[in-house]
Amino acid sequence: MGFSPFKMPIYRSKCGLIILFLMSLCCIHPIGFSQGELRVGFYSRTCPQAESIVSSVVREATLSNPRTPALLLRMQFHDCMVEGCDGSILIDNGNAGERMATGNQGLGGFDVIDKAKAMLERVCKGVVSCSDIVALAARDAVFLRNGPFYQVPTGRRDGRVSDISHAANIPEVAAHTIGTTACFFIETRLYNFTQGGGSDPAINPDFLPKLKAKCPFRGDINVRLPLDPVTEETFDVQILRNIRDGLAVIESDARLYDDRATKRVDFAEAMVKMGNIGVKTGSQGEIRRICTAVNGVPFSFISVAS
C-alpha cells in the first residue's frame, strides 16, 4: 500500500514539507493576518544586498553548527506568535523579556541574526529591520536543508515591546522535520499522559521503549533527542511517515495525523502566511539599530516600552 494519506506538492530538489497548521492560527491566537505594506523586493533600491548578506551569514553559521536551520525556523514561529512578526523575540531585557518564557526555552540562533544585522548596518545603516532578517533567515535555513526556496515579502518594522507575560500561551503547531527537543517536553507524554499515569497510546509500542530509554522516568530532562530520528538534519517528508507510523516524538506532531486538513498544507505558502501575522509597517514600530534593544530605551526598561 502506497503513501497515499499524504498528498504533498513536490518542490524543487525533491524537498519535503514541514507542516504549519496555519489555517487555525486566527482561531487560537488573537493576532490577525495582515499583508500591510509588505512586498517582495522591498529593499531592492534602499539595500539591494540585503537578502544576499543574510543568506551568506546563515550559510556560514550552518557550516559551523548543523542545528542552525532548525533554530532559525523555530525562531520565526515563536516571534510571530507574540506581538506579531516584529522581532520582539530578539530583544534581550533580562528575566522580564519574551524570550525567557517557558515556551521559548531552547530557542537559539540569536547570534546569527545579530551578525547579519551588524553587516547590514555597515552597508545600509538604519534600513533593514530585524524582523525582516528573521523571516529571510528562516527561508534561507529551510533551503539549506533541502527545503523549498520561496519569495519572502519584506517591509516589516520592529516592535518595541518584549514582555514575558505576553508569551504565556505560545501554541506548538508544527510538524518538525529538522531539529531536536528535550526530554522535558515529552515527559508527560511518556509517563503521565493518562489518568493512571500511562503513555500516549499514539506512540508506536516498538518506539516507546526507545523514547523511555532516552528519557527515563525522573531522569535528566535536558537530554536532547531528534524530532525526526530517521533523517534528523534533512528537510523532507520522513516526519510525515513517522507520524503515520506512530513514531512522532512530541505530541503536537502526533496530533497532526488526526486532522485531515493539516496533510495538504503547502509549506512555502504557509510560511509566507505566517510571516504576515500582526506585521508593523509604515510608521508603526521602528528599525532597530541593534536587534537586542529598542532604540533609545535603556536596557532595563525595554519591557515597558510602547
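Residues numbered from 1 in each chain as written. Predicted model: local features only at pLDDT ≥ 70, side-chain atom pairs only at ≥ 80, totals over all residues. Heavy atoms only, no water.

### Quick look at the confidence of the model for the protein
For step 1, the next point in the chain: This prediction gives the protein a mean pLDDT of 78; 72% of its residues lie at or above 70.
For step 2, the next point in the chain: Within the protein, helix α4 (residues 110-123) carries the highest mean pLDDT (97), whereas helix α1 (residues 25-28) carries the lowest (38).
For step 3, the next point in the chain: Low confidence marks residues 1-34, where pLDDT is under 50. Its contacts with residues over four positions away, or in another chain, come to 101 contacts.
For step 4, the next point in the chain: Low pLDDT (under 50) marks residues 299-306, which in the prediction has 22 contacts with non-local residues, meaning those over four places away or in another chain. (pLDDT = per-residue confidence, 0-100. Helix = DSSP H or I, 4+ residues; strand = E, 2+ residues; numbered from the N terminus. Contact = heavy atoms within 4.5 Å.)

### Some words on a nonpolar patch on the surface
For step 1, the next point in the chain: A contiguous nonpolar surface patch, about 240 Å² in accessible area, is contributed by Phe184, Phe185 and Ile221.
For step 2, the next point in the chain: The topology assignment puts Phe184 in the loop between β1 (180-182) and α6 (187-191).
For step 3, the next point in the chain: When its relative accessible area of 35% is taken as the criterion, Phe184 is described as partly exposed. (Patch = residues over 30% accessible without salt bridge, like charges linked within 9 Å, V, L, I, M, F, W, Y side chains within 5 Å. Areas by Shrake-Rupley, 256 points an atom, 1.4 Å probe, with all protein chains shown as cover. Salt bridge = Lys/Arg side-chain N within 4 Å of Asp/Glu carboxyl O. Buried < 20%, exposed > 50% of the residue type's maximum accessible area, 1.4 Å probe, protein only.)

### Brief notes about empty space enclosed by the protein
For step 1, the next point in the chain: On inspection of all chains with the given rule, the structure shows 2 cavities of 30 Å³ or more.
For step 2, the next point in the chain: The calculated volume of the largest cavity comes to roughly 60 Å³.
For step 3, the next point in the chain: Forming the walls of the largest cavity are Cys183, Phe184, Glu187, Leu190, Tyr191, Cys215, Pro216, Arg218, Gly219, Asp220 and Ile221.
For step 4, the next point in the chain: Put simply, the second largest cavity is a space of about 50 Å³.
For step 5, the next point in the chain: Split into classes, the residues belonging to the lining of the second largest cavity amount to 6 nonpolar, 2 polar and 1 charged. (1 Å grid on protein atoms, 1.4 Å probe; cavity = no way out; pocket = protein on both sides within 12 Å on 5 of 7 lines; lining within 4 Å. Points joined across faces, edges and corners; volume = space filled by probe spheres on them. Nonpolar A, V, L, I, M, F, W, Y, C, P; charged D, E, K, R; others polar.)

### Points about α4
For step 1, the next point in the chain: Taking 1.5 Å per residue, 14 residues should reach 20 Å; α4 reaches 21 Å between its end C-alpha atoms and fits that length.
For step 2, the next point in the chain: Every buried residue of α4 is listed here: Phe110, Val112, Ile113, Ala116, Lys117, Leu120 and Glu121. Here the buried residues of α4 occupy an arc of 165° about the axis, which is enough to place them on one side. Exposed residues lying more than 90 degrees from the buried face of α4 are Asp111 and Arg122. (Expected span 1.5 Å × (residues − 1). Arc of directions from axis to C-beta.)

### Here's the deal with unusual backbone geometry
For step 1, the next point in the chain: In this structure, Glu83 is a non-glycine residue whose phi angle is positive, near 65°.
For step 2, the next point in the chain: Secondary-structure assignment places Glu83 in the loop between α3 (68-80) and α4.
For step 3, the next point in the chain: At Arg218, a position not held by glycine, the phi torsion is positive, near 60°.
For step 4, the next point in the chain: Along the chain, Arg218 falls in the loop between α7 (208-214) and β2 (224-226).

### Section: the environment of Lys214
For step 1, the next point in the chain: Examined against the element boundaries, Lys214 turns out to sit in helix α7.
For step 2, the next point in the chain: On the accessibility criterion, Lys214 (46% relative accessible area) is partly exposed.
For step 3, the next point in the chain: Separated by 32 residues in sequence, Lys214 and Ala182 have C-alpha atoms that sit 10.0 Å apart.
For step 4, the next point in the chain: Beyond its immediate chain neighbours, meaning those up to four positions away, Lys214 contacts Cys183, Val223 and Leu225.

### So, the packing of α3 against α4
For step 1, the next point in the chain: Running from N to C, α3 and α4 cross one another at 85°; their axes reach a closest spacing of 9 Å. On the basis of the axis angle, α3 is roughly perpendicular to α4. Across the interface between the two elements, Thr68, Leu72 and Met75 from α3 touch Phe110, Val112 and Ile113 from α4.
For step 2, the next point in the chain: Considering only residue class, the contact of α3 with α4 consists of 5 nonpolar, 1 polar and no charged. (Axes fitted to C-alpha atoms, helices over the stretch in contact; angles between N-to-C directions. Parallel < 35°, antiparallel > 145°, perpendicular 65-115°, else oblique.)

### Remarks on the state of the cysteines
For step 1, the next point in the chain: Applying the stated criterion across every chain, the model contains 4 disulfides.
For step 2, the next point in the chain: Note on cysteine connectivity: Cys130 is disulfide-linked to Cys291, with sulfurs 2.2 Å apart. The sign of the S-S torsion, about -95°, decides the handedness of the disulfide formed by Cys130 and Cys291: left-handed. Here Cys130 is found in helix α5 (residues 130-144), whereas its partner Cys291 is found in the segment after α10 (267-274), with 161 residues between them in sequence.
For step 3, the next point in the chain: A sulfur-sulfur separation of 2.0 Å characterises the disulfide bridge that pairs Cys183 with Cys215. With the S-S dihedral at roughly -75°, the linkage between Cys183 and Cys215 falls on the left-handed side. (Disulfide = S-S within 2.5 Å.)

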